[in-house]
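Structural characterization, general
Take a look at the letters that make up each chain.
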Amino acid sequence: MQKKNDSTGFTLIELLVVIAIIAILAAILFPVFARAKSAAQGTTNLSNLRQIGLAWTMYAGDYDDVLMPPRSFVSGSKFAYWWASYDSTSQVLREEEGLLFPYTKGKGIQSDPSWPNRLRAVIGFTGYGYNYAYLGTGRVSSTSVGSPSETVAFATSARLDFLPPNALQGNTYLEAPSANYPTFHARANEVGHIVWADTHSRGRKPLLRSTPFASWQPQPFRQARLGEIDRDGDLTTNELFDLD
Ligand SMILES: [Ca+2]
Ligand SMILES: [Ca+2]
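So, here is what we can say about the structure in this document. Predicted model only: the values in this text are computed from it and were never measured.

What counts and what doesn't
- Residues numbered from 1 in each chain as written.
- Chains lettered and ligands numbered in written order.
- Predicted model: local features only at pLDDT ≥ 70, side-chain atom pairs only at ≥ 80, totals over all residues.
- Heavy atoms only, no water.
- Donors = N, O, S within 2.8 Å, 3.2 Å for Na, K, Ca; no water.
- Pairing = 2+ DSSP bridges.
- Helix = DSSP H or I, 4+ residues; strand = E, 2+ residues; numbered from the N terminus.
- Axes fitted to C-alpha atoms, helices over the stretch in contact; angles between N-to-C directions.
- Contact = heavy atoms within 4.5 Å.
- Buried < 20%, exposed > 50% of the residue type's maximum accessible area, 1.4 Å probe, protein only.
- Phe/Tyr/Trp six-rings, centres within 6.5 Å; stacked < 30°, edge-to-face > 60°.
- Lys NZ or Arg CZ within 6 Å of the ring centre and 35° of its normal.

Notes on the coordination of the calcium ion (ligand 2)
Looking at the calcium ion (ligand 2), the protein donor atoms are Glu239 (O), Asp242 (OD) and Asp244 (O), and they sit 2.3 to 2.6 Å from it. Between the donor residues of the calcium ion (ligand 2), the gaps in sequence give the motif E-x2-D-x1-D.

Take a look at the structure:
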């Protein structure tokens, strides 16, 4: 005659061992999956930024080597920006009328698919910001950029909205350190991504502020992983943005 518990297959101890093994495997694998996801996110950003950088170079090629301006008048209350056109009267945004659209040959390059920001109607679904202060004045020749491989063109960018609910929003104009408003956004494994003026793209950790600056406290920016792109640690100089 068989014992009753033979037919159950597992003893309680065996079941507990199996559960423990599954728990250990999950603990090992989940961080791996999370890192893989972040790595994939970084790859998308690098690819998008590189295409934006190439499109930006082609734009200058078609306009007597003058680098893309911050915006271009279309008609009435409508302007074209690098990512889209926007009519402030009708509040209509058209990505296919963005200044870089003829060169990117498609929608979506201006957005980071892993960071679905749709919080600002005026800029739409964007994930990157332009070094507008130095490169995007509409009067800069591409030949006047002194060291293109050390000059930021575009980077992953966001901004803090200081109105409730203090959302983290897309930002299309990247600020240099001396502007005292960190907008370089690290959203993949604490790394942000940059396309430089020579169109090479790389990941980089933002310099996160630790002391009060202008009228701001550093904590909200640190928490949001918003920082600076700077080489010498002196935030009054913009050596990675300027034309020298
Ligand atoms: Ca500096
Ligand atoms: Ca420089």
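Quick word on the sheet that holds strand E10 (residues 192-196)
Within a sheet, neighbouring strands are paired by backbone hydrogen bonds and run either parallel or antiparallel to one another. Reading across from one edge, E5-E6-E10-E11 is the order of the 4 strands in this open sheet, with antiparallel pairing throughout. A single partner strand is all that each edge strand has here, and the edge strands are strand E5 (128-130) and strand E11 (201-204). Here the strands of the sheet are splayed against their neighbours by 25° on average, with no regard to which way each runs. Here E10 runs beside E11; their pairing, made up of 4 bridges, is antiparallel. When the sheet's bridge partners are listed, Gly192 is paired in E11 with Arg204. Across the face of the sheet, helix H1 (residues 12-62) comes into contact with E5, strand E6 (152-156), E10 and E11 while running at roughly 25° to E10.

Description of unusual backbone geometry
With the exception of glycine, most residues fall at negative phi, and the peptide bonds are largely trans. Even without a glycine there, the phi angle at Asp64 is positive, about 55°. Position of Asp64 among the secondary structure elements: in the loop between H1 and strand E1 (72-75). You will see that Glu190, though not glycine, has its phi angle at about 65°, which is positive. Within the fold, Glu190 resides in the loop between strand E9 (184-185) and E10.

Some remarks on the coordination of the calcium ion (ligand 1)
All of the protein donors around the calcium ion (ligand 1) are Asp230 (OD), Asp230 (OD), Asp232 (OD), Asp234 (O), Thr237 (O), Thr237 (OG1), Glu239 (OE) and Glu239 (OE); their distances to the metal are 2.2 to 2.9 Å. Sequence spacing among the residues donating to the calcium ion (ligand 1) works out to D-x1-D-x1-D-x2-T-x1-E. A residue is classified by how much of its surface remains accessible, and Asp230, at 7% relative accessible area, is buried. Classification of Thr237 by relative accessible area gives partly exposed; the value is 28%.

Focus on the sheet that holds strand E2 (residues 78-80)
The 4 strands are arranged E1-E2-E3-E4 in an open sheet whose pairing can be described as antiparallel. Each edge of the sheet is formed by a strand with only one pairing partner; in this case those strands are E1 and strand E4 (92-94). Within this sheet the neighbouring strands show an average axis-to-axis angle of 20°, counted without direction. In the sheet, E1 pairs with E2 via 3 bridges, with the strands oriented antiparallel. Along E2, the bridge assignment pairs Ser72 with Ala80.

A look at the environment of Pro218
Its location among the elements puts Pro218 in the loop between E11 and helix H3 (219-223). Sequence spacing of Pro218 and Pro182 is 36 residues, and the spatial spacing of their C-alpha atoms is 9.6 Å. Once you skip the residues sitting within four places of it in the chain, Pro218 turns out to touch Arg209, Ser210, Thr211, Pro212 and Phe213.

Considerations on the packing of aromatic side chains
Counted according to the given criterion, the structure contains 15 aromatic pairs. For the pair Trp56 and Tyr130, a centre-to-centre distance of 6.3 Å together with 75° between the ring planes defines the contact as edge-to-face. Here Trp56 is found in helix H1, whereas its partner Tyr130 is found in strand E5, with 74 residues between them in sequence. When its relative accessible area of 0% is taken as the criterion, Tyr130 is described as buried. An aromatic cluster is present here, built from Trp56, Tyr81, Trp82, Trp83, Tyr130, Tyr132, Phe154 and Tyr173 joined pairwise through their rings. Residue placement shows Arg71 over the ring face of Phe79; its charged tip is 3.6 Å from the ring centre. Against the face of Phe213 rests Arg209, its NZ or CZ located 4.3 Å from the ring centre.

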